[in-house]
Amino acid sequence: QKVKNIQDLNGFSKAYFASGCFWCVEAIFEEVDGVVEVVSGYAGGTEKDPTYEQVSAGRTSHAEAVEVYYDPLKVDFKTLVVVFFGSHDPTTLNQQGPDRGAQYRSIAFYNDENERRIIENHIKALESENVFDGEIVTEVKPIQHFYKAEEYHQNYEKNNPNNPYIQKVSIPRLKRFEAKYPELLKNH
């Protein structure tokens, strides 16, 4: 179900993640069963009301991030953490695919101590199972402010399927995720 009005989202839980270009990350979380809406934006920095021009040029301390509204009766925070780590490379510092700079760094945000523990335990499990070749460099930090990105960034992949970046980077990343976690997808 697609939520039309932001007020309709009041009853849902929220989670926040940064893992590269928010167009890609939004498209991935939109596919997860139990997720009702994903908003692209900026988080992790200190500047108020940042713009895409500032963030994408690396002129702020923010990262491109997403705000995930989800139904905790259908999907739990732990599963969203699995999606986060399973849909990007958390070992590349300040880079995801072709996108380089601190604005593309990997951050798992938490709302409370329980979520922080879930993230940290998942990282420990990934490391003990040697899931990744390199060291996980994902930042784990409390969400302080999330700033919604400009309207044209919302649902960007869906609205701009012929954009060259979407074709070369975003869609292949989404397809890899879908192939890896078919059981987590809507209408699976």
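Structure shown above.
Residues numbered from 1 in each chain as written. Predicted model: local features only at pLDDT ≥ 70, side-chain atom pairs only at ≥ 80, totals over all residues. Heavy atoms only, no water.

Colleague: Even after reading the chapter, I still don't get the packing of aromatic side chains, so can you show me in this structure?
Modeller: Going through the model one piece at a time under the given rule, you end up with ten aromatic pairs. Considering the side-chain rings of Y16 and F146, the 5.5 Å spacing of their centres and the 45 degrees angle between planes classify their relative orientation as tilted. Remark: F146 occurs in strand β8 (residues 146-148) and Y16 occurs in strand β1 (residues 13-19); sequence separation between them is 130 residues. Taken individually, Y16 and F146 each receive the classification buried, so the pair is uniform in this respect. Between F22 and Y52 the ring centres are 6.0 Å apart and the planes differ by 25 degrees, which places this aromatic pair in the stacked class. Here the residue F22 occupies a position in helix α1 (residues 22-30), and Y52 occupies one in helix α2 (residues 52-56), the gap between them amounting to 30 residues. Joined through ring pairs, the aromatic side chains of F17, F29, F77, F84 and F85 make up one cluster. (Phe/Tyr/Trp six-rings, centres within 6.5 Å; stacked < 30°, edge-to-face > 60°. Helix = DSSP H or I, 4+ residues; strand = E, 2+ residues; numbered from the N terminus. Buried < 20%, exposed > 50% of the residue type's maximum accessible area, 1.4 Å probe, protein only.)

Colleague: How should I be thinking about the pairing of β1 in this particular structure?
Modeller: For a regular strand, the rule is simple: side chains alternate between the two faces of the sheet. For β1, the tally of buried residues reaches five of seven residues, placing the bulk of the element in the interior. Pairing of β1 with strand β3 (residues 63-70), which is carried by five bridges, proceeds in the antiparallel orientation. The residue bridging Y16 from the neighbouring strand is E67, located in β3. Of the pairings in the sheet, the one linking β1 to strand β6 (residues 106-110) comprises three bridges and is antiparallel in character. Paired with A18 across the strands is I107, a residue of β6. (Pairing = 2+ DSSP bridges.)

Colleague: Mind showing me how you'd approach the layout of surface pockets here?
Modeller: To find the voids left in a structure, one rolls a probe of water-molecule size over its atoms. As a volume, the largest pocket reaches approximately 240 Å³. Lining the largest pocket are 19 residues, and of these S87, H88, Q96, R173 and R176 sit closest to its centre. Every element with two or more residues in the lining of the largest pocket is listed here: α3 (77-86) and α6 (164-180). Ranked by the residues each element gives to the lining of the largest pocket, the list is headed by α6, at six residues. Looking at side-chain class alone, the lining of the largest pocket contains eight nonpolar, six polar and five charged residues. (1 Å grid on protein atoms, 1.4 Å probe; cavity = no way out; pocket = protein on both sides within 12 Å on 5 of 7 lines; lining within 4 Å. Points joined across faces, edges and corners; volume = space filled by probe spheres on them. Nonpolar A, V, L, I, M, F, W, Y, C, P; charged D, E, K, R; others polar.)

Colleague: Is there a simple way to explain the environment of I171 in this structure?
Modeller: Relative to the helices and strands, I171 is located in helix α6. C-alpha of I171 to C-alpha of C24: the two residues are 147 residues apart in sequence and 7.6 Å apart in space. Other than its neighbours up to four places away in sequence, I171 contacts E157, P161 and I166. (Contact = heavy atoms within 4.5 Å.)

Colleague: Help me understand helix α4 (residues 113-128), please; the structure alone is not making it clear to me.
Modeller: Because each turn of an α-helix spans 3.6 residues, side chains separated by three or four positions end up pointing in the same direction. In this model α4 runs 22 Å from its N-terminal to its C-terminal C-alpha over 16 residues, within 8% of the 22 Å that 1.5 Å per residue would give. Looking at α4, one finds that the buried residues are E115, I118, I119, H122, I123 and L126. End-on, the buried residues of α4 take up no more than an arc of 130 degrees, which puts them together on one face. Exposed residues lying more than 90 degrees from the buried face of α4 are K124 and S128. Where α4 is buried, its residues contact β1, β3, α3, β6 and β7 (139-142). Where α4 begins, one side-chain oxygen reaches toward the backbone nitrogen of N114, 3.1 Å away; that side chain belongs to D112. Within two residues after α4, N130 carries a phi angle of roughly 50 degrees, on the positive side. (Expected span 1.5 Å × (residues − 1). Arc of directions from axis to C-beta. Polar contact = N/O pair within 3.5 Å; in protein donor to acceptor, adjacent residues only side chain to side chain.)

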